[in-house]
Amino acid sequence: MQDIGSPDAGSDQTLEDRLLAVGRDRDRAAFAALFGHFAPRLKAYLRRQGCDAAGAEELVQEVMLLVWRRAETYDPAQASASTWVFTIARNKRIDVLRREQRPEIDPDDPALVPALVPDRPESADRRLETQESAGRLRAALKDLPPEQAELLRLAYFEDKPHSVISIERGIPLGTVKSRLRLAMERLRKALRDTA
């Protein structure tokens, strides 16, 4: 059996010539010759690197597919055809090893689903503080002028945009914004004074 890499009686093409023909012309015959030459060598190389037979076969297919797709990037001044192809094989093997070492993400892992993880119960002092704050806020809201309290309810509790409130109440948008700003200032002052 003759080596494709060396000139034989039927062809004077080297591996580099065939690889260039694949890149330049998408020459299927040249690719078939490259595949016939490299496939068994790549498989043996990958088996020596620790791949099982099926994994090596799959990687050979991926490598040769990349050779077909990227043949136009091959530069014989940079490396021989064998070096170029075996570098692709080595890189694909490294990719496989990295994937194998990276743990699979389990979407059902409770650590990834915070809504399913029960919250720690709120401490008694925190619960009391929250109740006191809510009471102070309710009292401060009662002390606001009714039109300001109503605008706060619409804007913050019903989450309505200022423009919608303006249309619904028949009030200019600037007035809505001014009343909300005044209401917020009064609330802040009232909460600061009671704290």
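Residues numbered from 1 in each chain as written. Predicted model: local features only at pLDDT ≥ 70, side-chain atom pairs only at ≥ 80, totals over all residues. Heavy atoms only, no water.

Draft legend 1. Representation of the pattern of salt bridges within the structure. Applying the stated criterion across every chain, the model contains 11 salt bridges. Between Glu-72 and Arg-26 there is a salt bridge, and its shortest N-O distance comes to 3.0 Å. Taken together, the residues span a long stretch of sequence, with Glu-72 in the loop between helix 3 (53-70) and helix 4 (81-101) and Arg-26 in the loop between helix 1 (15-25) and helix 2 (28-48) at a distance of 46 residues. A residue is classified by how much of its surface remains accessible, and Glu-72, at 46% relative accessible area, is partly exposed. (Salt bridge = Lys/Arg side-chain N within 4 Å of Asp/Glu carboxyl O. Helix = DSSP H or I, 4+ residues; strand = E, 2+ residues; numbered from the N terminus. Buried < 20%, exposed > 50% of the residue type's maximum accessible area, 1.4 Å probe, protein only.)

Draft legend 2. Highlighting the nonpolar core. Core analysis: the largest hydrophobic core is formed by 28 residues, its most contacted members being Leu-19, Leu-42 and Val-67. For this core, the secondary-structure elements that each account for two or more residues are helix 1, helix 2, helix 3 and helix 4. For this core, the element with the most residues is helix 2, which contributes 8 residues. Excluding anything up to four places from it in sequence, Val-67 contacts Leu-19, Phe-31, Trp-84, Val-85 and Ile-88. Counting 12 residues, the second largest nonpolar core, distinct from the first, contains Ala-140, Leu-151, Leu-152 and Val-176. (Core = buried A, V, L, I, M, F, W, Y, C linked by side-chain atoms within 4.5 Å. Contact = heavy atoms within 4.5 Å.)

Draft legend 3. Structural detail: the packing of aromatic side chains. Within the structure shown, the criterion is met by 5 aromatic pairs. Aromatic pair Phe-38 and Phe-86: ring centres 6.2 Å apart, planes at 70 degrees, arrangement edge-to-face. With Phe-38 in helix 2 and Phe-86 in helix 4, the pair connects residues that are 48 residues apart, well separated along the chain. Judged by its relative accessible area of 22%, Phe-86 is partly exposed. Within the aromatic cluster, the residues linked to one another by ring pairs are Phe-31, Phe-35 and Trp-68. One residue, Arg-26, lies across the ring of Trp-68, its end atom 4.9 Å from the ring centre. (Phe/Tyr/Trp six-rings, centres within 6.5 Å; stacked < 30°, edge-to-face > 60°. Lys NZ or Arg CZ within 6 Å of the ring centre and 35° of its normal.)

Draft legend 4. Main features of the packing of helix 6 (residues 146-157) against helix 8 (residues 173-194). Put simply, helix 6 and helix 8 touch, their axes get as near as 9 Å, and they point 100 degrees apart. Accordingly, the angle class assigned to the pair helix 6 and helix 8 is roughly perpendicular. Counted together, Glu-147, Gln-148, Leu-151, Leu-152, Ala-155 and Tyr-156 of helix 6 and Val-176, Arg-179, Leu-180, Leu-182, Ala-183, Met-184, Arg-186 and Leu-187 of helix 8 form the full contact between these two elements. Of the residues that constitute the contact of helix 6 with helix 8, the class distribution is 10 nonpolar, 1 polar and 3 charged. (Axes fitted to C-alpha atoms, helices over the stretch in contact; angles between N-to-C directions. Parallel < 35°, antiparallel > 145°, perpendicular 65-115°, else oblique. Nonpolar A, V, L, I, M, F, W, Y, C, P; charged D, E, K, R; others polar.)

Draft legend 5. Layout of helix 8. Its 22 residues give helix 8 an end-to-end C-alpha distance of 32 Å, which sits within 8% of 32 Å, the value for a rise of 1.5 Å per residue. Taken together, the buried positions of helix 8 are Val-176, Leu-180, Ala-183 and Leu-187. Within helix 8, the buried residues cover an arc of 65 degrees as seen down the axis, which keeps them to one side. Away from the buried face of helix 8 by more than 90 degrees, exposed residues Arg-181, Arg-192 and Asp-193 are located. Of the surrounding secondary structure, the elements contacted by the buried residues of helix 8 are helix 5 (124-142), helix 6 and helix 7 (162-169). (Expected span 1.5 Å × (residues − 1). Arc of directions from axis to C-beta.)

Draft legend 6. Representation of the confidence of the model for the protein chain in the model. When pLDDT is averaged along the protein chain, the result is 85, and 88% of the positions lie at 70 or above. Mean pLDDT across the elements of the protein chain bottoms out in helix 5 (84) and peaks in helix 2 (95). In the predicted structure, residues 1-10 sits below a pLDDT of 50 and forms 13 contacts with residues beyond four places in sequence or in another chain. (pLDDT = per-residue confidence, 0-100.)

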